[in-house]
Amino acid sequence: MRIVALAGGIGGARFLRGLRELTGPQDEITVIGNTGDDIHLFGLKVCPDLDTVMYTLGGGIHEEQGWGRADETWSVKEELKAYGVGPEWFGLGDRDFATHIVRTQMLGAGYPLSAVTEALCDRWQPGVRLLPMTDDRVETHVKITDESGPRVVHFQEYWVKLHAAVAAEAIVPVGAETAKPAPGVLEAIAAADVILLPPSNPVVSIGTILAVPGIRQAVSDAAAPVVGLSPIIGGAPVRGMADKVLAAVGVEATAEAVALHYGSGLLDGWLVDTADAEAVAAVEAAGISCRAIPLLMTDVPATAEMARAALELAEQVRS
Ligand code: GDP
Ligand code: CA
């Protein structure tokens, strides 16, 4: 089976680990990763979502944290601090720095991000084909108003430094409108047997991928069923602050509202948690097949069970 998944960072990566557990060597998983979270720091190109997927599937992730490397040390960060060079709020450990150095060096030599990602994955062997959504520069910015007045900050500054404590007034994927899908992205979507939207952030992860011209159209035109899993359980994100960016696009933080936000033009099937079973009827009334199952990714077997339910729902909507 050819499976395509659109993925952000932690939610996407954890789901993919369950999906990979469930599938076998005869299956082909292509992951289209969000690069709207990318940031340039200390002269280096950092791709947090691609790296989270790569480290998680490659066995190098810091498990409890969900991002960054296991057994990390922080000497470079301390040395930068001693020079008074920031920002201090973004955690880059020594091991992680090596990834960004290799990436930046290859980009500087002229390789596109897709080729660089493939080279990094040669080491990590994630067991999926990991494609950035685009080789072009896209960076999500967030419009806020705080004591310094109205201003626009990089998504990472909003998320990591400000902890999304002020309201997001608008989410702007800068550069998206002129970006082109990376090589292989549209082809993988068109050739897919099933397309999955993991429980990733609907606005700044999956929404950004869909904002690259051509990708949303390719997903809705695809012959394959499209099935998503809700990142919202019981009216709140399981982890993180997705409610803040949903509010910026006028969407309530409920499993039902997120399904309707994607819409029946994009989604054929939607999984909600058993806590949200009362949302099933409304989602189905909107023309999207819906089931309620446990959606907490507590461990790999529980996550594999979620992936199994998603593939089963895809089969049901196909026939
Ligand atoms: P990020 O880029 O690291 O923020 O990760 P993603 O965009 O891939 O995923 C973030 C989303 O994952 C958040 O909105 C969480 O609510 C969701 N999430 C995290 N853990 C779980 C879980 O166990 N179950 C479900 N259903 N969603 C989860
Ligand atoms: Ca992210």
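It should be noted that the structure appears before, not after, this text.
This one's a predicted model, so the numbers in the text were calculated from it and none came from an experiment.

Q: Run through the packing of helix α2 (residues 48-58) against helix α4 (residues 94-108), naming residues and quoting values.
A: Two quantities define a packed helix pair, namely the angle between the helix axes and the distance between the axes. One way to put it is that α2 packs onto α4 with a least axis distance of 12 Å and a crossing angle of 120°. As judged from the angle between their axes, α2 and α4 are oblique. Along this stretch, α2 crosses α4, giving a crossing that reads as right-handed. Side by side, α2 and α4 meet where D51, M54 and Y55 of the first sit next to D96, T99, H100 and R103 of the second.

Q: Explain the site of ligand 1 residue by residue, including any values.
A: In the vicinity of ligand 1 lie 20 residues, with S200, N201, S205, P231 and L295 positioned nearest. G11 has a polar backbone atom sitting 3.2 Å from an oxygen atom of ligand 1. Across the complex, the protein chains shield 91% of the 590 Å² of accessible surface that ligand 1 would expose by itself. When residues in the shell around ligand 1 are grouped by element, the largest group, three residues, is from helix α1 (residues 10-22).

Q: Kindly report on α4, identifying the contributing residues and their values.
A: Taking 1.5 Å as the rise per residue, α4 with 15 residues should run 21 Å; its terminal C-alpha atoms sit 21 Å apart, in good agreement. Of the residues making up α4, those classed as buried are D94, D96, F97, T99, H100, R103 and M106. For α4, the secondary structure elements touched by its buried residues are β4 (44-46), α2, α3 (75-82) and α5 (113-124). G110, located one to two residues past α4, shows a positive phi value of around 105°.

Q: Go over the side chain of R103, please, and point to the residues and values.
A: Among the secondary structure elements, R103 is positioned in helix α4. Assessed through its relative accessible area of 1%, R103 is described here as buried. At 3.3 Å, the side chain of R103 and the backbone oxygen of K45 are in polar contact. Discounting residues that sit within four places of it in the chain, R103 has contacts with K45, V46, C47, D51, L113, V116 and L120.

Q: Can you break down the coordination of the calcium ion (ligand 2) residue by residue, with the values?
A: Around the calcium ion (ligand 2), the protein contributes the donor atoms D37 (OD), D49 (OD) and D49 (OD), which lie 2.0 to 2.5 Å from the metal centre. Pair noted here: D37 is in the loop between β2 (28-33) and β3 (39-41) and D49 is in helix α2, with a separation of twelve residues, a long-range link. Here D37 and D49 have matching classes, each one buried.

Q: I'd like a rundown of the pattern of salt bridges, residues and numbers included.
A: Under the definition given, this model contains 15 salt bridges. With its nearest N and O atoms 3.6 Å apart, the salt bridge here joins D193 to R2. Taken together, the residues D193 in the loop between α7 (185-191) and β9 (194-197) and R2 in strand β1 (residues 2-7) connect sequence positions 191 residues apart. Take D193: its relative accessible area is 25%, and that puts it in the partly exposed class. E284 is the partner of R291 in a salt bridge, and the nearest nitrogen-oxygen pair spans 3.4 Å. Here R291 falls in the partly exposed class, since its relative accessible area comes to 33%. One connected set of salt bridges, linked through shared partners, spans D146, R151, E157 and K161.

Q: Provide a residue-level description of the sheet that holds strand β7 (residues 149-154), including the pertinent values.
A: Strand order across the open sheet formed by three strands is β7-β6-β8, with antiparallel pairing between neighbours. This sheet does not close on itself; its edge strands, each paired only once, are β7 and β8 (170-174). On average, adjacent strands in this sheet sit at an angle of 25° to one another, irrespective of strand direction. Taken together, the five bridges between strand β6 (residues 139-146) and β8 define a ladder with antiparallel strand orientation. Across the sheet, residue T140 finds its bridge partner in β8, namely P173.

Q: Can you tell me about the side chain of T134, naming the residues and giving the values?
A: Relative to the assigned elements, T134 resides in the loop between β5 (129-132) and β6. We classify T134 as buried; its relative accessible area is 0%. Here D136 takes part through its backbone nitrogen, which lies 3.0 Å from a polar atom of the side chain of T134. What T134 contacts, discounting residues up to four positions off in sequence, is T35, L113, A179, K180, P181 and A182.

Q: Give me the nonpolar core: which residues, what numbers.
A: If you look at the biggest cluster of nonpolar residues, it comprises 55 residues, and the most contacted ones within it are I189 and W270. No other element matches the five residues that helix α11 (residues 255-262) contributes to this core. A5, Y55, L113 and W124 belong to the second largest nonpolar core, which has 39 residues in total.

Q: Go over the environment of G24, please, and point to the residues and values.
A: Locating G24 in the fold gives a position in the loop between α1 and β2. Between the C-alpha atom of G24 and that of M1, which follows or precedes it by 23 residues, the distance is 9.3 Å.

The rules behind the values
- Residues numbered from 1 in each chain as written.
- Chains lettered and ligands numbered in written order.
- Predicted model: local features only at pLDDT ≥ 70, side-chain atom pairs only at ≥ 80, totals over all residues.
- Heavy atoms only, no water.
- Axes fitted to C-alpha atoms, helices over the stretch in contact; angles between N-to-C directions.
- Helix = DSSP H or I, 4+ residues; strand = E, 2+ residues; numbered from the N terminus.
- Parallel < 35°, antiparallel > 145°, perpendicular 65-115°, else oblique.
- Left-handed = near helix turned anticlockwise from the far one by under 90°.
- Contact = heavy atoms within 4.5 Å.
- Near = heavy atom within 4 Å.
- Polar contact = N/O pair within 3.5 Å; in protein donor to acceptor, adjacent residues only side chain to side chain.
- Areas by Shrake-Rupley, 256 points an atom, 1.4 Å probe, with all protein chains shown as cover.
- Expected span 1.5 Å × (residues − 1).
- Buried < 20%, exposed > 50% of the residue type's maximum accessible area, 1.4 Å probe, protein only.
- Donors = N, O, S within 2.8 Å, 3.2 Å for Na, K, Ca; no water.
- Salt bridge = Lys/Arg side-chain N within 4 Å of Asp/Glu carboxyl O.
- Pairing = 2+ DSSP bridges.
- Core = buried A, V, L, I, M, F, W, Y, C linked by side-chain atoms within 4.5 Å.

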